[in-house]
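The primary structure of each chain is shown beneath.
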Amino acid sequence: MSRRMIIAGNWKMNKNSAEARDFIAELKGKADFSKNVEVAVCPPFTSLQAAASAAAGSAVKVGAQNMHWEESGAYTGEISASMLAEIPVSSVIIGHSERRQYFGETDDTVNQRVKAVLKAGFEPIMCVGETKEQREADKTEEIVERQLKGGLQGLTEEDMKSLVIAYEPVWAIGTGLTATPEQAQAMHDFIRKLLSKLFSEAVAEAVPILYGGSVKPGNAAELMAKPDIDGALVGGASLKADDFAGIINAC
Ligand code: 13P
């Protein structure tokens, strides 16, 4: 069974256009693109165009970090599908825990965004994950199940062919506290079994599930070696070409 392997960098609120260009030029020289690994970077909106130009003709894809479900209108601060199509992006991160935590993102808005991203022909990278308190209260599976059911509500098996899930335990994001490969594998297995129940065995087998949370060149290989971990969504270590290339090359 072969699933796609994806290493995506979430730059969050980092890197202007010049920095994005420099990063991609450097990455092209350092990462081994001959392996069967898809590589993407997700810059802030203002650096998307520069990143896309720098990445043109290379194996590096460019994604956005958010997208609104309406085509246009009075939604201050939001970006629509047709705006992202101008770049164009290939993927869009939806429901990152920072958006849930600081910007009022709910399972319902995640669901609306995911549907709009699919309709636009981009690939949603839908994020789920529990907080430290939720894990300590033994609610990890309950929370992740609720986020998945809510976010994927109304999607078809066909839709699921273009969707990527990222499991990012909130306590592991930016903290240096990576989930152990065993902890991550257990949750990826849980997510895959849930996909099988919600959709089908074929969907569960095909959907790439990325791990996110303090992934570094030094821990990437053991995480990626787990059967249900199909890549990584990388924050901090995606900001330095050396580190990001190290993660790609560790796959
Ligand atoms: P870090 O890799 O900095 O922990 O961030 C992970 C993340 O949030 C990726 O979306």
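Here goes a summary of the coordinates provided. Given the structure is predicted, the values throughout are model-derived calculations rather than measurements.

### Things to note about the packing of aromatic side chains
Argument step 1. Taken as a whole, this structure holds four aromatic pairs when the rule is applied.
Argument step 2. Ring geometry for F23 against F244: centres 6.1 Å apart, planes inclined by 45 degrees, an arrangement best described as tilted. Highlighted residues: F23 in helix α1 (residues 17-30) and F244 in helix α12 (residues 241-250), separated in sequence by 221 residues.
Argument step 3. Look at F244 and you get buried, because its relative accessible area is 0%.
Argument step 4. Ring centres 6.5 Å apart and planes at 50 degrees place the aromatic pair Y167 and Y211 in the tilted group. Here Y167 is found in strand β6 (residues 164-167), whereas its partner Y211 is found in strand β7 (residues 209-212), with 44 residues between them in sequence.
Argument step 5. Residue classification places Y167 among the buried residues on the basis of a relative accessible area of 1%.
Argument step 6. Exposure remark for Y211: the relative accessible area of 0% places this residue in the buried category.
Argument step 7. Members of the aromatic cluster, each reached through a chain of ring pairs, are W11, F23 and F244.
Argument step 8. Here the guanidinium or amino end of K15 rests over the ring plane of W11, the centre of that ring lying 5.5 Å away.

### Quick word on the site of the ligand
Argument step 1. In the neighbourhood of the ligand, 13 residues make up the surrounding shell, with K12, H96, G174, S214 and G236 lying closest.
Argument step 2. Backbone polar atom of G236 to an oxygen atom of the ligand: 2.8 Å apart, as the coordinates give it.
Argument step 3. For the ligand, the protein covers 96% of the area, taking 310 Å² as the surface of the free molecule.
Argument step 4. Grouping the amino acids of the shell around the ligand by side-chain chemistry returns four nonpolar, seven polar and two charged.

### Quick notes on unusual backbone geometry
Generally, phi is negative for residues other than glycine and the peptide bonds are trans, each holding for most cases.
Argument step 1. Residue P88 follows I87 across a cis peptide bond; omega there is -10 degrees.
Argument step 2. Its location among the elements puts P88 in the loop between α3 (81-85) and β4 (91-94).
Argument step 3. For K15, which is not glycine, the phi dihedral falls at a positive 80 degrees.
Argument step 4. Take K15: it is sitting in the loop between β1 (5-10) and α1.

### Here we look at helix α5 (residues 107-119)
Given 3.6 residues to a turn, an α-helix orients residues that are three or four positions apart in the same direction.
Argument step 1. Compared with the 18 Å implied by 1.5 Å per residue over 13 residues, the 18 Å span of α5 between its first and last C-alpha is a close match.
Argument step 2. Of all the residues in α5, the buried ones are D107, T109, V110, N111, R113, V114, A116, V117 and L118.
Argument step 3. Buried residues belonging to α5 abut β4, α4 (97-102), β5 (123-128), α7 (140-151) and α8 (157-160).
Argument step 4. Looking one or two residues past α5, G121 carries a phi angle of roughly 85 degrees, positive in sign.

### Considerations on the packing of α1 against α12
Argument step 1. For the pair α1 and α12, the least separation of the axes is 9 Å and the interaxial angle reads 40 degrees. Taken together, the axes of α1 and α12 lie oblique to each other. The hand of the α1/α12 crossing is right-handed. Touching F23, E26, L27 and K30 of α1 are A241, D242, F244, A245, I248 and N249, all from α12.
Argument step 2. Tallied by class, residues from the contact of α1 with α12 come to six nonpolar, one polar and three charged.

### So, the nonpolar core
Argument step 1. Among the nonpolar cores identified, the biggest contains 70 residues, and L152 and I165 are the most heavily contacted of them.
Argument step 2. When residues of this core are assigned to their parent elements, the largest contribution, six residues, is made by helix α9 (residues 181-198).
Argument step 3. Once residues lying within four places of it in the same chain are set aside, the contact partners of I165 are M126, V128, L148, L152, I191, L195, V207, P208, I209 and L210.
Argument step 4. Counting 11 residues, the second-largest nonpolar core is a separate cluster that includes I6, I93, A166 and L233.

### A word on the side chain of S47
Argument step 1. Along the chain, S47 turns up in helix α2 (residues 45-55).
Argument step 2. Residue classification places S47 among the buried positions, given a relative accessible area of 1%.
Argument step 3. Within the structure, S47 has its side chain in polar contact with the backbone oxygen of K15 (distance 2.8 Å).
Argument step 4. Those residues in contact with S47 that lie beyond four places of it in its chain are K15, N16, S17 and A20.

Conventions adopted
Residues numbered from 1 in each chain as written. Predicted model: local features only at pLDDT ≥ 70, side-chain atom pairs only at ≥ 80, totals over all residues. Heavy atoms only, no water. Phe/Tyr/Trp six-rings, centres within 6.5 Å; stacked < 30°, edge-to-face > 60°. Helix = DSSP H or I, 4+ residues; strand = E, 2+ residues; numbered from the N terminus. Buried < 20%, exposed > 50% of the residue type's maximum accessible area, 1.4 Å probe, protein only. Lys NZ or Arg CZ within 6 Å of the ring centre and 35° of its normal. Near = heavy atom within 4 Å. Polar contact = N/O pair within 3.5 Å; in protein donor to acceptor, adjacent residues only side chain to side chain. Areas by Shrake-Rupley, 256 points an atom, 1.4 Å probe, with all protein chains shown as cover. Nonpolar A, V, L, I, M, F, W, Y, C, P; charged D, E, K, R; others polar. Expected span 1.5 Å × (residues − 1). Contact = heavy atoms within 4.5 Å. Axes fitted to C-alpha atoms, helices over the stretch in contact; angles between N-to-C directions. Parallel < 35°, antiparallel > 145°, perpendicular 65-115°, else oblique. Left-handed = near helix turned anticlockwise from the far one by under 90°. Core = buried A, V, L, I, M, F, W, Y, C linked by side-chain atoms within 4.5 Å.

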